[in-house]
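# Chains, contacts and geometry: an overview
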Amino acid sequence: KAGVTQTPRYLIKTRGQQVTLSCSPISGHRSVSWYQQTPGQGLQFLFEYFSETQRNKGNFPGRFSGRQFSNSRSEMNVSTLELGDSALYLCASSLRGGGRNEKLFFGSGTQLSVL
Amino acid sequence: AQRVTQPEKLLSVFKGAPVELKCNYSYSGSPELFWYVQYSRQRLQLLLRHISRESIKGFTADLNKGETSFHLKKPFAQEEDSAMYYCALKVNYQLIWGAGTKLIIKP
């Protein structure tokens, strides 16, 4: 079974630009969640989707948005990039997301650098 | 507010010595706790879940509701245990993470 796939692996953007990151979950997984990882703030939750519906959103500005498609693939978008958005963005998938004790499977991440 | 605290950023022990990585949580409900591990150049992956009461790679973790702790333990450390370890609390479809502890096993 293929794991969680995130594309691209690396991105370099300049301030003010926007960026779209993609995540393909494990086949059969319907829940996709996104996390931002930085040396200063650690791992922080961005949002979670299940069956194309956002069920929870973390404490990030509205410049961060996401969506999920009918095949469970997910994208996240960051508009008007700021230097502080430089981070590793991780995607994780699971069967249902809300199941007790449910295991998350992580992708390798997209490393975003904002210059 | 929900919070996970890992007080040690770095823990260094000799091979064969016992290991304990500390994790404390703050949550008013029934906690759902996990330990995730990231080995060098690998993805973040689940190590163990408190509900399963499992032992993975010799590691165990016991939930202590009185002390609100979920410490990770291994009686005899091995060099391949060197990695970054994260404790996480699941709340409302999200994981709330501790800052992580870097474990170094010295030969």
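In case you missed it, the structure is sitting above this.
Everything in this summary refers to the structure shown in the same document. As the structure is a computational prediction, the values presented were derived from the model and not from experiment.

What follows is about the sheet that holds strand β7 (residues 64-68) of chain A. All names here are of chain A. An order of β1-β3-β8-β7 is seen for the four strands of this open sheet, with the pairing classed as antiparallel. Bordering the open sheet on either side are β1 (5-7) and β7, each of which pairs with just one other strand. Across the sheet, the axes of successive neighbouring strands diverge by a mean angle of 15 degrees, strand direction being ignored.

Attention now moves to the interface of chain A and chain B. Of the residues lining the interface, 21 residues belong to chain A; the matching set on chain B comes to 21 residues. Where chain A abuts chain B, roughly 1,900 Å² becomes buried across the two surfaces, and 48% of that area is made up of carbon and sulfur atoms. Linking chain A with chain B are zero salt bridges, by the criterion used here. Our count for the chain A to chain B interface comes out at seven residue pairs in polar contact (both at pLDDT 80 or more). Secondary-structure elements contributing two or more residues to the side of chain A that touches chain B are β4 (31-38), β5 (42-50) and β6 (53-57) of chain A. Here the side of chain A that touches chain B gets three residues from one element, more than from any other, and that element is β5 of chain A. Class assignment for the residues of the side of chain A that touches chain B results in seven nonpolar, nine polar and five charged.

What follows deals with the environment of S79 of chain A. Within the secondary structure layout, S79 of chain A lies in the loop between β8 (74-78) and β9 (87-94). For S79 of chain A and F64 of chain A, which are 15 residues apart along the polypeptide, the C-alpha to C-alpha distance reads 6.8 Å.

To continue, consider the environment of L115 of chain A. All names here are of chain A. Among the secondary structure elements, L115 is positioned in the segment after β11 (110-114). On the basis of relative accessibility, which here comes to 58%, the residue L115 falls in the exposed class. Distance from L115 to W34, taken between C-alpha atoms, is 23 Å for residues 81 residues apart in sequence. Other than its neighbours up to four places away in sequence, L115 contacts I12, K13, T14, R15 and L83.

The next point concerns the side chain of Q6 of chain B. All names here are of chain B. Relative to the helices and strands, Q6 is located in the loop between β1 (3-5) and β2 (10-14). For Q6, a relative accessible area of 7% puts it in the buried group. Engagement of the side chain of Q6 in a polar contact is seen with the backbone nitrogen of C87, the distance being 3.0 Å. Among the polar contacts made by the side chain of Q6, one reaches the side chain of T101 at a distance of 3.5 Å. Ignoring any residue separated from it by four or fewer positions in sequence, one finds Q6 in contact with K22, W35, Y85, Y86, C87, G98, A99, G100 and T101.

Each value, and the rule that gives it
Per-chain numbering applies: the sequence of each chain, read as written, is numbered from 1 onward. Ligands are numbered from 1 and chains lettered from A, in the order in which they are written. Where local features are concerned, this predicted model is filtered to residues with pLDDT of at least 70; where side-chain atom pairs are given and counted, the filter is 80 or more; whole-chain, interface and lining totals use all residues. Water and hydrogen atoms play no part in the side-chain values, which are based on all heavy atoms of the structure. Strand pairing is assigned whenever DSSP detects at least two bridges linking the two strands. Strands here are runs of E lasting at least two residues and helices are runs of H or I lasting at least four, both read from the DSSP assignment and numbered beginning at the N terminus. Only the stretch in contact is used when fitting a helix axis, every axis being a line fitted to C-alpha atoms; angles between N-to-C directions are given from 0 to 180 degrees. Contact criterion: two residues are considered in contact whenever any of their non-hydrogen atoms come within 4.5 Å of each other. Reported buried area values correspond to the accessible surface (1.4 Å probe) lost by two parts on association, with both partners' losses combined. Any carboxyl oxygen of Asp or Glu that lies within 4 Å of a side-chain nitrogen of Lys or Arg is treated as forming a salt bridge with it. In the analysis that follows, any N or O atom pair within 3.5 Å is treated as a polar contact, provided that within protein one partner can donate a hydrogen and the other can accept it, and provided that, for residues neighboring in sequence, both atoms belong to side chains. In this classification, the charged set is Asp, Glu, Lys and Arg, the nonpolar set is Ala, Val, Leu, Ile, Met, Phe, Trp, Tyr, Cys and Pro, and all remaining amino acids, among them Gly, are polar. The cut-offs for exposure are 20% and 50% of the maximum accessible area for each residue type, with area from a 1.4 Å probe on protein chains only; residues under the lower value are buried, those over the upper are exposed, and the others partly exposed.

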